[in-house]
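Residue-level structural notes
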Amino acid sequence: MSNPQTETFCILPFIHLYSEPKGEMKPCCIAGGFDTPLDLKTMSIDGAFNSPQMKELRKDMLDGNRNKVCDVCYKKEDLNGVSPRSDFNKNSLWEMPVVNGDYSVETQFQHIDIRFSNLCNFKCRMCNHDFSSNWFEDYEKIAPGSTTGRKKVMRVSDTIVEDLIPHLNNVKSFYFAGGEPLIMPEHYKVLKYLYDTMPVLEKHWGNKRPLSIHYNTNLSVITYDEQSLMDLWDGFDRVFLSISCDGIGEVGEYQRIGFQHDRFVENLKTIQKYFRPESPFMGGMGLQYNFQYTTTIWNVYHIFDFIKVMTENKFIGSSEHIDFYYAWGPNQIALNNISK
């Protein structure tokens, strides 16, 4: 089935599984939650993905109606005519599945984005406990009572890897984020399972597994339990590392607590031997990376220092290999609140 031509359609709720570290399943990582949350701690993947809420969302999309959980895209389109929804619908990897009469679909997902936990070895100043376990103690100091009932390390569920594996027979792309995905046992188990079970196909320059993997990582480690991740990455069609780094030296170490400049450079030099710098929008096969620079009041005046160092060391070919993001919160670090 081709993609329906409605002004509200998005392919993700038909082919994609997303969950936050606390276990809440949403249509995607930027969508709002349902009035009655879908919790993978208490629901099966099948039950959540084909819940009444998800079926209603699919019906609305096919009928051309706006569902409020996807307002983030619809409002962007009202402002400037574009949104992530339009980009998702252009992805050539994904195909529209058969939609049943009750708006259920098969749960053999083509794209997966599960934030297995908030486990993280950094405590970035613009982050929070939802996405970094290291924020637990400070979050309670900033907002007393905010951690009541929470665990320091939040996980989707204790059995998420075993629950997920039966749904990977048709997976074409995977997004790993966190927390820090490269230190998560769930990430390694899933990656190793895919490496061991996916068919090896003849591709442009050798035998690879037909999967596109995208990471958001702080690159503090490139091994897991003393095993090189490089050996596994090299077995897939495409692996793209979006490396979070907001400055070099003292600037980077101040904004991202836990960032160690020398260790980062050492890991980056290893990556440089196997990966090539690229824009994530250029496509192509192989091992690629770029940088994600989150701009705050602390590093906004160091952008060109960062570009210069990365260029001189040939970590990038041009500034096109850096994505600049702007932290809109917390308020005290957001650029929109800086004085004139």
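Right, let's walk through the structure included here. (Residues numbered from 1 in each chain as written. Predicted model: local features only at pLDDT ≥ 70, side-chain atom pairs only at ≥ 80, totals over all residues. Heavy atoms only, no water.)

1. Concerning the overall build of the protein chain
Helix and strand counts for the protein chain stand at twelve helices and 15 strands. For 340 residues, the compact-globule estimate of 2.2 N^0.38 gives 20 Å, and the protein chain sits close to it at 20 Å. Counting only C-alpha atoms and orienting by the principal axes, one finds that the protein chain spans roughly 60 × 55 × 40 Å. Considering only residue pairs separated by 6 or more positions, the protein chain has 69% of its internal contacts joining residues 24 or more positions apart. (Helix = DSSP H or I, 4+ residues; strand = E, 2+ residues; numbered from the N terminus. Rg over C-alpha atoms; globule rule 2.2 N^0.38 Å. Contact = heavy atoms within 4.5 Å.)

2. Looking at the nonpolar core
When a protein is soluble and globular, its nonpolar side chains tend to lie buried together. Leu 164, Trp 233, Leu 241 and Phe 291 are the most contacted members of the largest nonpolar core, which totals 83 residues. What Trp 233 contacts, discounting residues up to four positions off in sequence, is Leu 182, Leu 191, Tyr 215, Val 239, Leu 241, Ile 271, Phe 275 and Leu 287. (Core = buried A, V, L, I, M, F, W, Y, C linked by side-chain atoms within 4.5 Å. Buried < 20%, exposed > 50% of the residue type's maximum accessible area, 1.4 Å probe, protein only.)

3. Quick notes on the pairing of strand β1 (residues 16-19)
What you see with β1 is no split at all: His 16 and Tyr 18 on one side and Leu 17 and Ser 19 on the other are buried throughout. Pairing geometry for β1 and strand β4 (residues 111-114), over four bridges, is parallel. Within β4, the position partnered with Ser 19 by the bridge is Ile 114. As defined by bridge partners, β1 adjoins strand β2 (residues 24-26) across two bridges and the pair is classed as antiparallel. By the bridge assignment, Ser 19 is partnered in β2 with Met 25. Connecting β1 to the next strand, β2, in antiparallel fashion are four residues, including Gly 23 with a positive phi near 105 degrees. (Pairing = 2+ DSSP bridges.)

4. Comments concerning the packing of aromatic side chains
Counting across every chain of the model gives 16 aromatic pairs. An angle of 70 degrees between the planes, with centres 6.2 Å apart, marks the rings of Tyr 195 and Phe 236 as edge-to-face. Taken together, the positions of Tyr 195 in helix α8 (residues 185-197) and Phe 236 in strand β11 (residues 236-244) put the pair 41 residues apart, joining distant regions of the chain. Looking at Tyr 195, the relative accessible area reads 23%, which means it is partly exposed. With relative accessibility at 1%, the residue Phe 236 sits in the buried group. Clustering of aromatic rings is evident, with ring pairs tying together Phe 116, Phe 174, Phe 176, Tyr 215, Trp 233 and Phe 275. Against the face of Tyr 254 rests Arg 125, its NZ or CZ located 3.7 Å from the ring centre. When the ring centre of Tyr 195 is taken as origin, the NZ or CZ atom of Arg 209, which lies over that ring, is 3.8 Å away. (Phe/Tyr/Trp six-rings, centres within 6.5 Å; stacked < 30°, edge-to-face > 60°. Lys NZ or Arg CZ within 6 Å of the ring centre and 35° of its normal.)

5. Points about the pairing of β4
Of the two faces of β4, both are covered, the one formed by His 111 and Asp 113 as well as the one formed by Ile 112 and Ile 114. As paired elements, β4 and strand β6 (residues 173-176) share two bridges and run parallel to each other. Within β6, the residue paired with Ile 112 across the bridge is Phe 174.

6. Details of helix α3 (residues 52-63)
Between its first and last C-alpha, α3 extends 16 Å over twelve residues, near the 16 Å set by a 1.5 Å rise per residue. Along α3, the residues classified as buried are Gln 53, Met 54, Leu 57, Arg 58, Asp 60 and Met 61. Relative to the axis of α3, the buried residues are bounded by an arc of 160 degrees and lie together on one face. Looking at the buried residues of α3, the elements they touch are α1 (12-15), β2, β3 (38-39), α2 (45-49) and α4 (71-80). (Expected span 1.5 Å × (residues − 1). Arc of directions from axis to C-beta.)

7. Here we look at unusual backbone geometry
A cis amide bond, omega 10 degrees, links Gly 178 with the succeeding residue Gly 179. With omega at -5 degrees, the peptide bond leading from Gly 329 into Pro 330 counts as cis. Relative to the helices and strands, Pro 330 resides in the segment after β15 (322-326). The phi angle at Asp 225 is positive, at roughly 50 degrees, despite the residue not being glycine. Mapping Asp 225 onto the fold places it in the loop between β9 (223-224) and β10 (227-228). A positive phi angle is found at Lys 314, which is not glycine, with a value near 60 degrees. Structurally, Lys 314 can be placed in the loop between α12 (303-312) and β15.

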